[in-house]
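Given next are the chains, with one letter for each unit.
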Amino acid sequence: MRPDYRFTHKHILGIDHLSCDDIEHILQVAESFKEISSRSIKKVPTLRGKTVVSLFFEPSTRTRLSFEIAAKRLSADTFAITTASSSATKGESLIDTAKNLEAMNPDIIIMRNAISGSPHLLTRHIKTSVINAGDGTHEHPSQGLLDLMTVKEHKQRIKGLKLAIIGDIAHSRVAHSNIIGFSKMGASVTVSGPATLIPRNVERLGATVCLSVREAIRDADVVMPLRIQMERQNDALLPSFKEYAAFFGINRQTLEAARPDALVMHPGPINRGVELTPDVADGSRSVILDQVANGVAIRMALLYLVLGNA
Amino acid sequence: MTLIEGLLLKNGRIIDPANAVDRKGDLLIQDGKIVAVSPGGRISRGRHRNLAVYDCAGKWVVPGLIDMHVHLREPGEEYKETVESGTRAAAAGGFTAVACMPNTRPVNDNQSVTRLILEKAQAAAHARVYPVGAISKGSNGETLAEYGEMQQAGIVAISDDGRPVINSQLMRRALEYAGNFNLPVISHAEDPALSRNGVMNEGAISTMLGLRGIPTAAEEIMIFRELALAEYTGRPLHIAHVSTAESVALIRRAKDRGCRVTAETAPHYFTLTEEAVLSYNTLAKMNPPLRTAADVAAIRQGLLDGSLDAIATDHAPHSTMEKEVEFDLAANGIIGLETAVPLTMALVREHGLSPARMVELLSVNPARILGVAGGSLATGRPADVTVIDPELEFCYTEEMVVSKSKNSPFLNQQLKGRAVLTILDGRITFNAAEI
């Protein structure tokens, strides 16, 4: 990291916008915050008096809760708006909703939206800091960062590792953020899965495409199957979950191609028995729950760093 | 007050490819007609005492430009554009005539809608308006619209523009039945199953932005079908808004075989690439979408070598309500009437397009394809004339936009070359000196 390094981002829209120094710094700050969550009194006054609004236009349990816990452990006041209770259902435009929120003077808006680029639209119309908690099939930066943190904790490095992401790359913002983040930090990223779910020119994001799952996993340090969604069957992208599990699912046998110390990760929620067999999900190589725990630390770091520049 | 007897355009470069003219000279307009074109530049005031004289030195005097593909939004979406505001924008861009697509509300699929549009056009009179009727009733792609009645009311072509004709049998019948009325069929070529939910070109940028892509094949497959049907029926076919390299190649090969096909592209397809979408700029969202640099190069080549016959703007006004929203929700299309000349002038300056070819693309060929008057400066013709200053530089600001909608990706850009005088039937509809 450069000696004169400073974190200067007012918004976190994607890993694409972050430099290697930014990522290193976020991971360091997250590491230092992690200990707070293991205290008996899990709260520090760092963000006392700050207001954090989460604006979720898509259902989410894990990410929303993780951001909320992160904000509360830093003593910020948190408020949550979900589609069911927002004006979006009454036909208010996103910009109007955001401007109304801004008028109440929050410090950060955390947004999840099904449409790629919607947090970018927000930043063009309001002055409040925006953290992207997942936009369409574009990015999910806090997930990418918590995945980097988890791998780094277990492997002490990112550079030189091989990450294999298996499954629905085309519809996965987690895959996008991880391809960008891991390749930026010097890992090699291979993606595999049904060819119908591999987006065109994904190499340009930094990934290598390998249609054979076994080859993709070979010598991998990290294997990351993605959640496969039911609706992909209806879109004629997949014949059936049964066939998916047989040819693209990760099980003990397919995992043999990976390095013996390979980590198994999953952004959750898992379709047990489809993209991942239960024995592997719960097995000794699985760090899936570490990812969730690190998620809180990463989000604490993001809130803290962004508010430092607000 | 003296009665103006006519207009004298002096010392301009008269570019009139339909009559093989490209030389300095004077052009005299009286009683709404072109009465004299003098190569020597020697028409003097003499016996025409009350002429309004315009010094056109350094400027191009060309037949009135014809935009064969615009959306005037009237009836139904007058908050975006009206026949009045759209034709005023046309005049400001150097156009003396526009062909307006039928996707109004209601659709122009019957004579009463056609008549309404033409009544509005007559009242406005900033440009000639040539309505294009729908191919199918309601543009639903199911049954033929009444071409004969619409033609009597004033349509010059048929198209379901904005919506592809999915049913190949209906497209075949449309080509055949249009033959009874000598109406050209204009195809919006898009395979909707391939383009479904797509919001930009499919490729590296769509993957990077996480946006649903529209493959180039969605356009090419449908062009291939249209060419097969045009050749099978022997009927003339016009392909709207060509955006891909392979589309240009398909059309070129079909022409070589003798197929009666013509095609247009829009200035944005030879000016911008898909990279304009980066940062989720909804002003770069259109259908067909902006493509890659290789496609842009092929489009330019197609304009130069004759594979493409016309430049049409696909002028598509939308308000901020349709454009300042999430990318997936934003409407397709941009306004184009006021930027077509400067964007085409860039091809003249930088890509070897001759001024005469530019006039063919923007006036001669659209007139020929639609079978309407214009495209010529021959004496005795209605005086539809455009004067272009090829050197005039200007910043295209929102305040300058004449169209009711401001959805242009070229706002706040420095542009070069523009229409400075637009003359319709001998009457000045736009004069840059007066703004």
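Residues numbered from 1 in each chain as written. Chains lettered and ligands numbered in written order. Predicted model: local features only at pLDDT ≥ 70, side-chain atom pairs only at ≥ 80, totals over all residues. Heavy atoms only, no water.

### Describing unusual backbone geometry
All names here are of chain B. Operational definition: Numbered from the N terminus, helices here are DSSP runs of H or I no shorter than four residues, and strands are runs of E no shorter than two. Think of it in three bands: with a 1.4 Å probe and only protein chains considered, a residue is buried below 20% of the maximum accessible area for its type, exposed above 50%, and partly exposed in between.
Omega for the bond connecting glutamate 74 with proline 75 falls within 30 degrees of zero, at 5 degrees, which places this linkage in the cis form. Mapped onto the elements of the fold, proline 75 is located in the loop between strand 6 (65-70) and helix 1 (83-92). Of the consecutive residues asparagine 287 and proline 288, the connecting peptide bond is found in the cis state with omega at 0 degrees. Take proline 288: it is sitting in the loop between strand 14 (261-265) and helix 9 (293-305). At aspartate 31, a position not held by glycine, the phi torsion is positive, near 50 degrees. Tracing the backbone through its elements, the reader meets aspartate 31 in the loop between strand 2 (21-30) and strand 3 (33-38). Under the relative-accessibility criterion, aspartate 31 is labelled exposed at 75%.

### Quick look at the domain arrangement of chain B
All names here are of chain B. We count it as follows: Here the limits of each domain have been adopted from an automatic or database domain assignment. The contact definition used throughout considers only heavy atoms, calling two residues in contact when any of these lie within 4.5 Å. By buried area we mean how much accessible surface two parts lose on assembly, using a 1.4 Å probe and totalling the loss over both. Any carboxyl oxygen of Asp or Glu that lies within 4 Å of a side-chain nitrogen of Lys or Arg is treated as forming a salt bridge with it.
Assigned domains of chain B: these are domain 1 (6-61 + 380-434) and domain 2 (64-370). Spacing between the C-alpha centres of domain 1 and domain 2 amounts to 26 Å. At the interface, 36 residues of domain 1 touch 46 residues of domain 2. Summing both partners gives a buried area of about 3,200 Å² for domain 1 against domain 2, and 65% of it is carried by carbon and sulfur. When residues of domain 1 are sorted by the area they lose upon contact with domain 2, Lys404, Asn407 and Phe410 head the list and together hold 21% of the total. The interface formed by domain 1 and domain 2 holds two salt bridges in total.

### With respect to the side chain of B:Thr429
Assignment of secondary structure puts B:Thr429 in strand 18 (residues 427-431). Residue contacts for B:Thr429: discarding those within four places in its chain leaves B:Ala91, B:Ala125, B:His126, B:Thr422, B:Ile423 and B:Leu424.

### Quick word on the pairing of strand 3 of chain B
All names here are of chain B. Cut-off, in case you're wondering: Strand pairing is defined by DSSP finding a minimum of two bridges between the two strands.
Where strand 2 meets strand 3, five bridges bridge the pair, whose relative direction is antiparallel. Paired with aspartate 26 across the strands is serine 38, a residue of strand 3. The loop that links strand 2 with its antiparallel partner strand 3 comprises two residues; one of these, aspartate 31, has a positive phi angle of about 50 degrees.

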